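For reference, the chains in residue letters:
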Amino acid sequence: MKKSKKIGILGGGQLAKMLCDSAKHMGYTTVILDPNPDSCGRLSSTEHLVQKYVDKVSLKKICKETDVITYEFENIPSEVIRYLKENGGNIPQGEKPLFLSQHRIREKSAVSKIGVRTADFEKVVNLETAKSALKILGAPCILKTCSGGYDGKGQWKILEIKDLECVRWRNIEYILEKMVDFEMEVSCLVVRGTNGDVVTFPIGENEHKNGILNKTIVPARVSEEIQNKVRELSEKIVKKLDIYGPLGIEYFIKNENIYFNEMAPRPHNSAHYTMDACNYSQFDIHLLAILGESLPEIKLITPVVMLNVMGEDSKKIEKIKLDEETKLHIYGKTEWKKDRKMGHINYCGQNIEGLIKRANSF
Ligand code: ADP
Ligand code: MG
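Residues numbered from 1 in each chain as written. Chains lettered and ligands numbered in written order. Predicted model: local features only at pLDDT ≥ 70, side-chain atom pairs only at ≥ 80, totals over all residues. Heavy atoms only, no water.

Visitor: Please set out the state of the cysteines residue by residue, giving values where relevant.
Guide: With the rule as written, the count across this model stands at zero disulfides. Take Cys40: it sits in no disulfide, and the sulfur closest to it among the cysteines is that of Cys20, at 9.9 Å. (Disulfide = S-S within 2.5 Å.)

Visitor: Describe helix 5 (residues 104–113), listing the residues and the values that go with them.
Guide: Residues separated by three or four positions in an α-helix point in the same direction, a consequence of the helix having 3.6 residues per turn. Of all the residues in helix 5, the buried ones are Arg104, Ile105, Glu107, Lys108, Ala110 and Val111. In the segment just after helix 5, Gly115 is the residue with positive phi, at about 90°. (Buried < 20%, exposed > 50% of the residue type's maximum accessible area, 1.4 Å probe, protein only. Helix = DSSP H or I, 4+ residues; strand = E, 2+ residues; numbered from the N terminus.)

Visitor: Quick one: what's the story with the pattern of salt bridges, residue by residue and with numbers?
Guide: One pass over the structure, following the stated rule, counts 22 salt bridges. Among the salt bridges present, the one from Arg104 reaches Glu262, with a minimum N-O distance of 3.1 Å. Residue Arg104 is located in helix 5, and its partner Glu262 is located in strand 14 (residues 257–264); the two are separated by 158 residues in the primary sequence. In this structure Arg104 comes out as buried when scored by relative accessible area, which is 8%. For Glu262, a relative accessible area of 23% translates into the label partly exposed. (Salt bridge = Lys/Arg side-chain N within 4 Å of Asp/Glu carboxyl O.)

Visitor: Describe the sheet that holds strand 8 (residues 174–178), with residues and values.
Guide: Sheet architecture is open: four strands sit in the order 5-8-6-7, paired in antiparallel fashion. Every interior strand has two partners, whereas the edge strands, strand 5 (121–124) and strand 7 (155–158), have only one. The mean inter-strand angle of the sheet, taken between neighbouring strand axes irrespective of direction, is 20°. Here strand 6 (residues 141–145) runs beside strand 7; their pairing, made up of four bridges, is antiparallel. Paired with Cys141 across the bridge in strand 7 is Ile158. Strand contacts of helix 5: strand 5, strand 6, strand 7 and strand 8, with the helix running at about 50° to strand 8, the strand carrying the most contacts. (Pairing = 2+ DSSP bridges. Axes fitted to C-alpha atoms, helices over the stretch in contact; angles between N-to-C directions. Contact = heavy atoms within 4.5 Å.)

Visitor: Just give me the short version of empty space enclosed by the protein, but keep the residues and values in it.
Guide: All chains considered together, the criterion is met by one cavity of 30 Å³ or more. The calculated volume of the largest cavity comes to roughly 50 Å³. As for the largest cavity, its lining consists of Ser187, Cys188, Leu189, Phe201, Pro202, Gly204, Gly248, Ile249, His268, Ser270, Ala271 and Tyr273. Looking at the lining of the largest cavity element by element, the count peaks at three residues for strand 9 (residues 184–192). (1 Å grid on protein atoms, 1.4 Å probe; cavity = no way out; pocket = protein on both sides within 12 Å on 5 of 7 lines; lining within 4 Å. Points joined across faces, edges and corners; volume = space filled by probe spheres on them.)

Visitor: Outline the layout of surface pockets, listing residues and values.
Guide: Here the second largest pocket defines a volume of roughly 280 Å³. For the second largest pocket, the lining is made up of 16 residues, of which Lys209, Asn214, Met310, Asp313 and Lys316 are closest to its centre. Of all the secondary structure elements, the ones that give two or more residues to the lining of the second largest pocket are strand 12 (212–218), strand 15 (304–310) and helix 12 (352–360). Ranked by residues supplied to the lining of the second largest pocket, first place goes to strand 12 with four residues.

These figures capture arrangement, not role.
Have a look at this one:
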């Protein structure tokens, strides 16, 4: 029989909550660290330390009491990881995936260095450098802050020089990217275990609304060849960049070409479908990976459409009709606010077009 383990998690949002739910199923206990007393992870974690991420007393306690430590968001300061290591914490994913994913230029440079295609890009720090970069790349482009952006925040569409002049430039780094005129956005959740096993989950086709993920359709409606290529690229990225743990990678598909867009070293919203449509969820595999267990083959049990439930859906959610093929997951956040991810629905069944219709009529 396997000995019970204790998992430490930096961050206490919905990803931590679902990770704790998986841990509970495996007979493990958890402790989350999150300064927000209402963070939804509290509903599923054995313990919640309501302290800042840099709180040394909490970090030491986590090192002392847990078998393994992980994170649920990429903006953990790297000094926190160093402090955990210095204090004997077992944090197998380490700093590297955070270092890369916390900065869009670092991330894209690392990936293109190993031969994975990205949109053309230039580093930009002010209006002058932006104008020169726009000349090199040619319009249309998209300007993004290098750090701290999510759900389309910190981004500007640039069609002409005038658009650059409208940006309120701050004393930070930006990336100017050539727009990819893609046919589809897809993502792949790849996981590398500390024992060296690598598994990929089926590719999801992603639809965004106002820069926020709205739906993920699985299997993605692209050729098998593209699906296999995306899986191969994802495996290549974790192996060549020496990344352990889960990595959610977003790509653009244009003709037969695959462009890397961005990656996050944690469970990914676009892989929430795995909770009801795969033999193992991304959270199960995340845990097995950091615990050094062997990783089972991942199988898609049913086609699925995942729909995000947002704060503005509070009335609709009251009326939703559930059945054995419609699975609702609510995160337990205290306030239903616009543009806030409150939960998701997995519509499972054989007919993808029918599932999309059901999701659209939610
Ligand atoms: P975020 O961290 O906000 O998710 P992304 O880089 O994924 O930032 O950008 C958000 C969305 O903007 C993408 O899902 C895509 O729809 C669009 N986008 C981003 N970069 C490009 C690009 N180079 N070309 C075309 N569309 C893009
Ligand atoms: Mg994105």
